[in-house]
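Each chain, letter by letter, is given below.
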Amino acid sequence: MKNPTLRFLGGVREIGGNKILIEDGPERILFDFGPSFSPRAEEFYVDYLQPRSTSRAKDLLEFDLVPRISGLYSREALGDGELAYAPPEVHAIFVSHAHADHAGYLDLVDPEIPVHVGEGTRTLLSAIETSTRMKYGDHPWKVFTDRTPIHVGGIEVVPYPVDHSIPFAYGFIVRTSEGTVAYTGDFRHHGPRAADTHAFFEAVANERVDALLIEGTRAGPDPRRNLSEAGVRSGVDRVLTARPELALACTYPRDIDRLRTLYSAALAADREFVVSVRTAHLLSEVAPRFPVGEIPVPGHAPGLRVHARKKRVSYLWERPFLSDALSSEELRREGRKYVLALDLAHFPELIDLRPPRGSPFLHSMSEPFSEDDVDDRVMHNWLEHFGLEFHQMHASGHASGPELLELVRATGAKAVYPIHTEHPEAFEKAGPSVRLPELGTPYPIGR
Ligand SMILES: [Zn+2]
Ligand SMILES: [Zn+2]
């Protein structure tokens, strides 16, 4: 008897930061490894105060912000800290998708440990590394194929694509020596790949899994408005028809579905869609991973343009997009011809864009959870200063509370562990199989 177990080393009573360790005899595999979005993480490190790049793991371990496990971290990340370096005792890491809260700590990992990702996720991660300060470290990268089993010792892992607010997101079915686990990663079923999510949950139900590890971002009280992707499209259409001025939009940088929605809405309204150089680079990099013509690529797709902000230096990866790019002055002159995607971080461009008062601003991201959200206050100060008209329209990357309960009941899993949520107890309505996980406790699989 190998007595396989599962342990939650993150993602317990917090959104993000999932770190799930499955042990089966000598085999140990980890699912996801990134920082959480919980306030606890910000008690010690904030924007301007970060762990030292020479000893990241040591500096995070000081406050228990990463799990204290041996044979996981690289020699470099541990530095001369109190947790000593040991050769790999974790035999593989599987990453469900490229969001930071699932992949953001990979750079701490021993470069000997293989990291398994979907082909598209590998592309996304390298595009992000090129165009931002984010680093994921060197690893033997193993690229998996949809629904094709991977074997790590005696453990079998089957990756299933799911719908989420970043493409190439996966859930997993994990078969151990004595029982089966399903891990959902992050998912929704109101986006363009809803059928993938349904197929995954059908496979989970057929498998009669012993343990279902399910994300619950939107479980519990959530007053925030949510649309489907199609709902976002008709909302944007309405605004673009009603307003003749420059339209501004703010989205998550890797939400390819939203970028496509905005692009087609702009075309339908006889406008051009203008993206940042970083988004242009991302679209060009991921396009080959999609069916031909599905992803609009700058320089090829009609009506897709690039915004050149004033910068002192341009990086090599930016240059291919700059020759035909539009400046803020050009956008200002003929605003009604464009929809401009503008990140919060680039709001100073508004000083040059100076859109006429009443120009629409489409906030196509989550509403803040709390009323004293600093970023939200700063954004509204800017909008007010320039007299922009605020429109909230977003399709979440996550299933709603009632949808989650329905899925839990339908899978018939023997045990259900809600993770990636601040309200795991909200799942208890789904029945007695629901267990509230504790950080670090080993739970037996299949007994
Ligand atoms: Zn997440
Ligand atoms: Zn996610």
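Our structure is the block above this text.
Residues numbered from 1 in each chain as written. Chains lettered and ligands numbered in written order. Predicted model: local features only at pLDDT ≥ 70, side-chain atom pairs only at ≥ 80, totals over all residues. Heavy atoms only, no water.

K.L.:
Any chance you could explain the overall build of the protein here in plain terms?
P.N.:
Counting its secondary structure elements, the protein contains 12 helices and 19 strands. Here the C-alpha radius of gyration of the protein, 22 Å, is about what a compact globule of 447 residues would show, namely 22 Å. Along the three orthogonal principal directions, the C-alpha set of the protein runs to about 75 × 50 × 45 Å. When burial is assessed residue by residue, the protein has 56% of its 447 residues classed as buried. For the protein, the proportion of contacts with a sequence separation of at least 24, taken over those separated by at least 6, is 68%. As presented, the protein carries roughly 19600 Å² of accessible surface, and 51% of it is formed by carbon and sulfur atoms. Charge separation in the protein, taken as the distance between the mean sites of 50 positive and 64 negative side-chain charges, equals 3 Å. (Helix = DSSP H or I, 4+ residues; strand = E, 2+ residues; numbered from the N terminus. Rg over C-alpha atoms; globule rule 2.2 N^0.38 Å. Buried < 20%, exposed > 50% of the residue type's maximum accessible area, 1.4 Å probe, protein only. Contact = heavy atoms within 4.5 Å. Areas by Shrake-Rupley, 256 points an atom, 1.4 Å probe, with all protein chains shown as cover. Lys, Arg positive; Asp, Glu negative; His and termini not counted. Charge placed at Lys NZ, Arg CZ, Asp CG, Glu CD.)

K.L.:
Hey, could you run me through the nonpolar core in this one?
P.N.:
If you look at the biggest cluster of nonpolar residues, it comprises 95 residues, and the most contacted ones within it are Ile-22, Phe-31, Leu-72, Ile-93, Phe-94, Leu-213 and Phe-273. Top element by residues in this core is helix H7 (residues 256-268). It accounts for six residues. Counting 26 residues, the second-largest nonpolar core is a separate cluster that includes Val-162, Val-209, Ala-219 and Phe-427. (Core = buried A, V, L, I, M, F, W, Y, C linked by side-chain atoms within 4.5 Å.)

K.L.:
What should I look at first to understand the coordination of the zinc ion (ligand 2) in this one?
P.N.:
Each donor-metal-donor angle in an ideal tetrahedron of four donors is 109.5 degrees, and each such angle in an ideal octahedron of six donors is either 90 or 180 degrees. Listed as protein donors to the zinc ion (ligand 2) are His-97 (NE2), His-99 (ND1), His-164 (NE2) and Asp-186 (OD); their distances from the metal cover 2.2 to 2.4 Å. Of note, the donors binding the zinc ion (ligand 2) are all from one chain and are spaced H-x1-H-x64-H-x21-D. Between the zinc ion (ligand 2) and the zinc ion (ligand 1), the interatomic distance is 3.5 Å, and Asp-186 donates to each metal, bridging them. Note that His-97 is positioned in the loop between strand S4 (92-94) and helix H3 (100-103) and Asp-186 in the loop between strand S10 (180-183) and helix H5 (194-207), a separation of 89 residues in sequence. The pair His-97 / Asp-186 is uniform in exposure class, with both members buried. (Donors = N, O, S within 2.8 Å, 3.2 Å for Na, K, Ca; no water.)

K.L.:
Help me understand the coordination of the zinc ion (ligand 1) in this model?
P.N.:
Ligation of the zinc ion (ligand 1) by protein atoms is provided by Asp-101 (OD), His-102 (NE2), Asp-186 (OD) and His-420 (NE2), these donors lying 2.1 to 2.2 Å from the ion. Classification of the site at the zinc ion (ligand 1) rests on its four donor atoms, whose angles at the metal span 88 to 165°, yielding the label irregular. Counting gaps between the donor residues of the zinc ion (ligand 1) yields the pattern D-H-x83-D-x233-H. (Tetrahedral: all angles 85-135°; square planar, octahedral: opposite > 155°, others 65-115°.)

K.L.:
I tried to follow the packing of helix H4 (residues 119-131) against helix H8 (residues 277-286) on my own but got confused; where do I start?
P.N.:
The packing of two helices is summarised by the inter-axis angle and the distance between the axes. Look at H4 against H8: their axes get within 10 Å of each other, and the N-to-C directions meet at 150°. Classified by the angle their axes make, H4 and H8 are roughly antiparallel. As H4 packs across H8, the resulting crossing turns out to be right-handed. Every residue of H8 that contacts H4 at Thr-123, Leu-124, Ala-127, Thr-130 and Ser-131 is listed here: Arg-278, His-281, Leu-282, Glu-285 and Val-286. (Axes fitted to C-alpha atoms, helices over the stretch in contact; angles between N-to-C directions. Parallel < 35°, antiparallel > 145°, perpendicular 65-115°, else oblique. Left-handed = near helix turned anticlockwise from the far one by under 90°.)

K.L.:
Would you take a moment to explain H5 for this structure?
P.N.:
Given 3.6 residues per helical turn, the α-helix brings residues three or four places apart onto the same face. Taking 1.5 Å of rise per residue, the 14 residues of H5 would be expected to cover 20 Å, and the 20 Å separating its terminal C-alpha atoms lies within 8% of that figure. Within the span of H5, buried status applies to Ala-194, Thr-197, Phe-200, Phe-201, Ala-203 and Val-204. Lining the buried residues of H5 we find strand S8 (155-162), strand S9 (169-175), S10, strand S11 (211-215) and helix H12 (401-411). Immediately beyond the C-terminal end of H5, within one or two residues, lies Arg-208, with a positive phi of roughly 50°. (Expected span 1.5 Å × (residues − 1).)

Taken by themselves, the reported measurements are silent on function.
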